[in-house]
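Read off the chains here:
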Amino acid sequence: HFLYNTLDTISGMILSGDTQRSFALVQSLGLFYRNSLGSGQQTVSLGEELVTVQSYLKILNTRYGDSIRVDCRVDDALRERKILKLTIQPLVENAVHHGLRPRGGDGTIVIGAAEENGALLVTVRDDGVGISPEKLLELRQSTAEDTPGFGLFSIRRRIALFYGTSDPLTIESREGEWTKVTVRIPPEGGNTHAEAEN
């Protein structure tokens, strides 16, 4: 649906004569799919994942008239680290739909990265509506697809399976103010499916 809806938006822009914005949207869509589909590799550099996120947000802002800003606070040295493809983008999508959309589609998503004992910690923080303590507890305890935390559960399971870790996500929030999700990626050379295939 994301692709078809975006193509519909581009078609409408072209028909209305808005060639500059339609051209920019086509470029963003191309970058998004080039990086997310790639060449069949399961991993990409952190820098490439950030380009995917920025392209995704440009598309959403154009389609919905949102004013979502992204602030990438990532040192150049860490941008070369390899991570599982589409690790950050789904977390940003979750932040948009559950954090920023309920307050009108305006806000900031801050993406950070740091190294800790060889592991890479990636954070996605939004200044949206936040999560109630009760809902936060449900999300942290979600262990099946029929739980209220299905979206985050799916992301958590995918990362855990790939890296062979038990719980790679940490969720923090203050209701009415912000939500932050931290992904812990094991040091390079850890137990990953990519290594198992080599």
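Keep in mind that this is a model prediction, so the values were computed, not measured.

Draft legend 1. Looking closely at the pattern of salt bridges. Scanning the entire structure with this criterion turns up eight salt bridges. Two residues, Arg 81 and Glu 115, come together in a salt bridge whose shortest N-O distance is 3.0 Å. One end of the pair, Arg 81, is in the loop between strand E2 (67-73) and strand E3 (82-84); the other, Glu 115, is in strand E4 (residues 106-116), with 34 residues separating them in the sequence. The exposure class of Arg 81 is buried, given its relative accessible area of 9%.

Draft legend 2. Summary view of the pairing of strand E6 (residues 169-174). Residues Leu 169, Ile 171 and Ser 173 line the buried face of E6, whereas the alternating positions Thr 170, Glu 172 and Arg 174 sit on a face that is not buried. The pairing of E6 with strand E7 (residues 178-185) spans six bridges and is antiparallel. Bridging across to E7, Ser 173 finds its partner in Thr 179. Connecting E6 to the next strand, E7, in antiparallel fashion are three residues, including Gly 176 with a positive phi near 85°.

Draft legend 3. Structural context of the side chain of Thr 179. Within the secondary structure, Thr 179 is located in strand E7. Looking at Thr 179, its side chain comes within polar contact range of the side chain of Ser 173, at 2.9 Å. Not counting residues within four places of it along the chain, the set of residues in contact with Thr 179 comprises Val 124, Arg 125, Asp 126, Gly 130, Ile 131, Glu 172 and Ser 173.

Draft legend 4. Quick peek at the nonpolar core. Ranked by internal contacts, the top residues of the largest apolar core, which has 44 residues, are Leu 46, Ile 83, Ile 88, Val 92, Ile 109, Ile 111 and Leu 120. It is helix H3 (residues 46-64) that provides the largest number of residues to this core, a total of seven residues. Apart from residues no more than four positions distant in its own chain, Ile 111 is found in contact with Leu 50, Val 53, Val 70, Asp 71, Cys 72, Arg 73, Val 74, Ile 88, Val 92, Val 122 and Thr 123.

Definitions and cut-offs
- Residues numbered from 1 in each chain as written.
- Predicted model: local features only at pLDDT ≥ 70, side-chain atom pairs only at ≥ 80, totals over all residues.
- Heavy atoms only, no water.
- Salt bridge = Lys/Arg side-chain N within 4 Å of Asp/Glu carboxyl O.
- Helix = DSSP H or I, 4+ residues; strand = E, 2+ residues; numbered from the N terminus.
- Buried < 20%, exposed > 50% of the residue type's maximum accessible area, 1.4 Å probe, protein only.
- Pairing = 2+ DSSP bridges.
- Polar contact = N/O pair within 3.5 Å; in protein donor to acceptor, adjacent residues only side chain to side chain.
- Contact = heavy atoms within 4.5 Å.
- Core = buried A, V, L, I, M, F, W, Y, C linked by side-chain atoms within 4.5 Å.

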